[in-house]
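These are the residues of each chain, in order.
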Amino acid sequence: MSATIRQGETRGAGAPARPLDAQDVRDAYRRWAGVYDSVFGFVSRPGRMRAVAALNALPAERLLEVGVGTGLALPHYVAGKRVTGIDLSPEMLAVAERRVREGVAATVEGLHEMDAEAMAFPDASFDAAVAMFVASVVPNPRRMMAEMRRVVRPGGTILLVNHFLAPHMGLRRGVERAVAPFSRALGWHPDFAMETVLSPGQLTAATLQPCPPLGIFTLVTLPRDAV
Ligand SMILES: C[S@@+](CC[C@H](N)C(=O)[O-])C[C@H]1O[C@@H](n2cnc3c(N)ncnc32)[C@H](O)[C@@H]1O
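Because the structure is predicted, anything quoted here is derived from the model rather than measured.

**Q** I'd like a description of the sheet that holds strand 2 (residues 82-87), backed by residues and values.
**A** A sheet is described by the order of its strands in space; here seven strands give the open sequence 3-2-1-4-5-7-6, paired in mixed fashion. Looking at strand neighbours, the two that pair on one side only are strand 3 (107-113) and strand 6 (207-211), the edges of this open sheet. With strand direction ignored, the average angle separating the axes of adjacent strands in the sheet is 15°. As paired strands, strand 6 and strand 7 (residues 217-223) are joined by five bridges and run antiparallel to one another. Across the sheet, residue Cys211 finds its bridge partner in strand 7, namely Phe217.

**Q** So, helix 3 (residues 90-102): which residues are in play, and what are the values?
**A** End to end, helix 3 covers 18 Å across 13 residues, agreeing with the expected 18 Å (1.5 Å per residue, within 8%). Within helix 3, burial applies to Met92, Leu93, Val95, Ala96 and Arg99. Viewed end-on, helix 3 has its buried residues packed into an arc of 155°, placing them on one side of the element. Among the structural elements, helix 1 (22-32), helix 2 (36-57), strand 2 and strand 3 are those in contact with the buried residues of helix 3. Immediately beyond the C-terminal end of helix 3, within one or two residues, lies Gly103, with a positive phi of roughly 120°.

**Q** How would you summarise the site of the ligand if you had to cite specific residues and measurements?
**A** In the neighbourhood of the ligand, 19 residues make up the surrounding shell, with Tyr36, Gly67, Asp87, Ala116 and Met132 lying closest. Between Tyr36 and the ligand, the recorded distance is 2.7 Å, taken from a side-chain N or O atom to an oxygen atom. The side chain of Arg48 places a nitrogen or oxygen atom 2.9 Å from an oxygen atom of the ligand. Protein chains shield 98% of the accessible area of the ligand, which is 600 Å² for the free molecule. Residue assignment for the shell around the ligand shows that the elements contributing at least two residues are helix 1 and helix 2. Across the shell around the ligand, the residue classes tally to 13 nonpolar, three polar and three charged.

Each value, and the rule that gives it
- Residues numbered from 1 in each chain as written.
- Predicted model: local features only at pLDDT ≥ 70, side-chain atom pairs only at ≥ 80, totals over all residues.
- Heavy atoms only, no water.
- Pairing = 2+ DSSP bridges.
- Helix = DSSP H or I, 4+ residues; strand = E, 2+ residues; numbered from the N terminus.
- Axes fitted to C-alpha atoms, helices over the stretch in contact; angles between N-to-C directions.
- Expected span 1.5 Å × (residues − 1).
- Buried < 20%, exposed > 50% of the residue type's maximum accessible area, 1.4 Å probe, protein only.
- Arc of directions from axis to C-beta.
- Contact = heavy atoms within 4.5 Å.
- Near = heavy atom within 4 Å.
- Polar contact = N/O pair within 3.5 Å; in protein donor to acceptor, adjacent residues only side chain to side chain.
- Areas by Shrake-Rupley, 256 points an atom, 1.4 Å probe, with all protein chains shown as cover.
- Nonpolar A, V, L, I, M, F, W, Y, C, P; charged D, E, K, R; others polar.

Now the structure itself:
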């Protein structure tokens, strides 16, 4: 299966040169599923916890987690939240389902195998949507954003947590560029620029919060109605 850009779409400035396609993602996360929590759980925890804290503080009951993965965030939503998760990888979802069975405070309304770029939900189904460490993985991040915007109600909120390409030349940017050719095996793009997922209007409206470790991840909070 090849990655496609539908007619009239752009990937956005700063897009990685070699896009992943949906089969690359499924293949990568089939391999990651058994070890994901041990390898990536710790380093990603601060960003994830900040995103969940922001969601818990919002007057938002119906939450969508895009690319829910193994469900590491699910135990941290407070009671009263109604959470739906989607992911392309059945192996990652199986771990998330196990986690929910072990007990969570929020109501997990469903964990669905579904493409973030073509969701089956009606418009305005959620009060807020979040994608944690997903934007640099999906084949077409702008299409994912368009879908998140569609399924969140007007006045709602969209959050992203991600690693973004360092804005300036330097050691970090050099490392990101050097590792980029291994994107396919990693299942994500180390050289992923923020402009790849956000339009100029969204970049202006977004609140950016650097997250530990060393600010390599950023929490982006965006009013759904920013375009
Ligand atoms: C780096 S993991 C992040 C998992 C989780 N959000 C977390 O915080 O640990 C990226 C996840 O995004 C999922 N994913 C990638 N592309 C997707 C798509 N188009 N639709 C749905 N899920 C996708 C992958 O299967 C994987 O589980």
